[in-house]
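One-letter residues, chain by chain:
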Amino acid sequence: MGGVSSFTRIARGTVAGVLVGLVVAAGAAGQSPATSPITVEGAWARTSPMIERAGAAYMVIRNAGATDDALIGASSSASAVVEIHQTTADPSGVMMMAPVGMIPVPAGGEAVLEPGGYHIMLIDLVAPLEEGATVDLRLSFQSGLTLDVAAEVRAMMPMGSPMASPAAM
Ligand SMILES: [Cu+2]
């Protein structure tokens, strides 16, 4: 049946295209941190004080390059859903959080993810976050770069962190 064989050819072509795409993505993921303008410092995570089976991760993302970049997504084996959130206060001072499409990481600058501001939201945790354990995160950037980060689970904000509302993600 000519129709079937023609369908098979198209399908094979599609599979080949997907494989090429995967090789390119693996190359980007394997890029040495030494050559990447993006670095992450002080990654940590905690269980949400407010929401059962949710947690959040925080860090400072630096961009030593000459091109603006942005964090556009993340994944983790620790939770079914990972979203990029921003906590803000409404005019009456009530803290609320919502997903954002990206967190800008300007050229020569940094993005600060901290309680009361930007954070990586871990939704539907596979297991409760245990203090001292690490949460793996794969960060995806607008530039196509991906970066693997290990965030240490802590009960409290690390010493020296700016004081934000401890109840807010
Ligand atoms: Cu959140």
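Structure report, in brief. (Residues numbered from 1 in each chain as written. Predicted model: local features only at pLDDT ≥ 70, side-chain atom pairs only at ≥ 80, totals over all residues. Heavy atoms only, no water.)

1. Points about the nonpolar core
Membership of the largest hydrophobic core comes to 28 residues, with the highest contact counts inside it found for Ile61, Ile120, Val135, Leu137, Leu139 and Phe141. If we ignore the near neighbours within four places in the chain, the residues touching phenylalanine 141 are Ile38, Ile61, Asp69, Ala70, Leu71, Ile72, Val105 and Leu147. Within the second largest apolar cluster, 6 residues are counted, among which are Trp44, Ala56, Tyr58 and Met121. (Core = buried A, V, L, I, M, F, W, Y, C linked by side-chain atoms within 4.5 Å. Buried < 20%, exposed > 50% of the residue type's maximum accessible area, 1.4 Å probe, protein only. Contact = heavy atoms within 4.5 Å.)

2. Some remarks on the coordination of the copper ion
For the copper ion, the full set of protein donor atoms is His85 (ND1), Met97 (SD), His119 (NE2) and Met121 (SD), and the range of their distances to it is 2.1 to 2.3 Å. Seen from the copper ion, its 4 donor atoms lie at angles of 101 to 116°, and the figure they make is tetrahedral. Mapped onto the sequence, the donors of the copper ion take the spacing H-x11-M-x21-H-x1-M. In this pair, methionine 97 is assigned in strand 5 (residues 95-99) and histidine 119 in strand 8 (residues 118-125), connecting sequence segments 22 residues apart. (Donors = N, O, S within 2.8 Å, 3.2 Å for Na, K, Ca; no water. Tetrahedral: all angles 85-135°; square planar, octahedral: opposite > 155°, others 65-115°. Helix = DSSP H or I, 4+ residues; strand = E, 2+ residues; numbered from the N terminus.)

3. Digging into the packing of aromatic side chains
Remark: the centre distance and the inter-plane angle together describe each pair of aromatic rings, the angle taken between the planes. What the rule picks out here adds up to 1 aromatic pair. Residues tryptophan 44 and tyrosine 58 carry aromatic rings whose centres are separated by 4.8 Å and whose planes lie at 35° to one another, so their mutual orientation is tilted. Remark: tyrosine 58 occurs in strand 2 (residues 54-63) and tryptophan 44 occurs in strand 1 (residues 38-47); sequence separation between them is 14 residues. Residue tryptophan 44 is classed as buried on the basis of its relative accessible area of 4%. For tyrosine 58, a relative accessible area of 0% corresponds to the buried category. (Phe/Tyr/Trp six-rings, centres within 6.5 Å; stacked < 30°, edge-to-face > 60°.)

4. Digging into unusual backbone geometry
A positive phi angle is found at aspartate 124, which is not glycine, with a value near 65°. Topologically, aspartate 124 is positioned in strand 8.

5. As for the pattern of salt bridges
If you walk through the whole model with that rule in mind, you get 5 salt bridges. The partner of glutamate 110 in a salt bridge is arginine 62, and the shortest N-O contact between them spans 2.9 Å. On the criterion of sequence distance, the pair formed by glutamate 110 in strand 7 (residues 110-113) and arginine 62 in strand 2 is long-range, its members being 48 residues apart. One salt bridge in this structure joins arginine 154 and glutamate 152, with 3.8 Å as the shortest N-O distance. Linked through salt bridges whose partners overlap, the residues forming this network are Glu41, Arg62 and Glu110. (Salt bridge = Lys/Arg side-chain N within 4 Å of Asp/Glu carboxyl O.)

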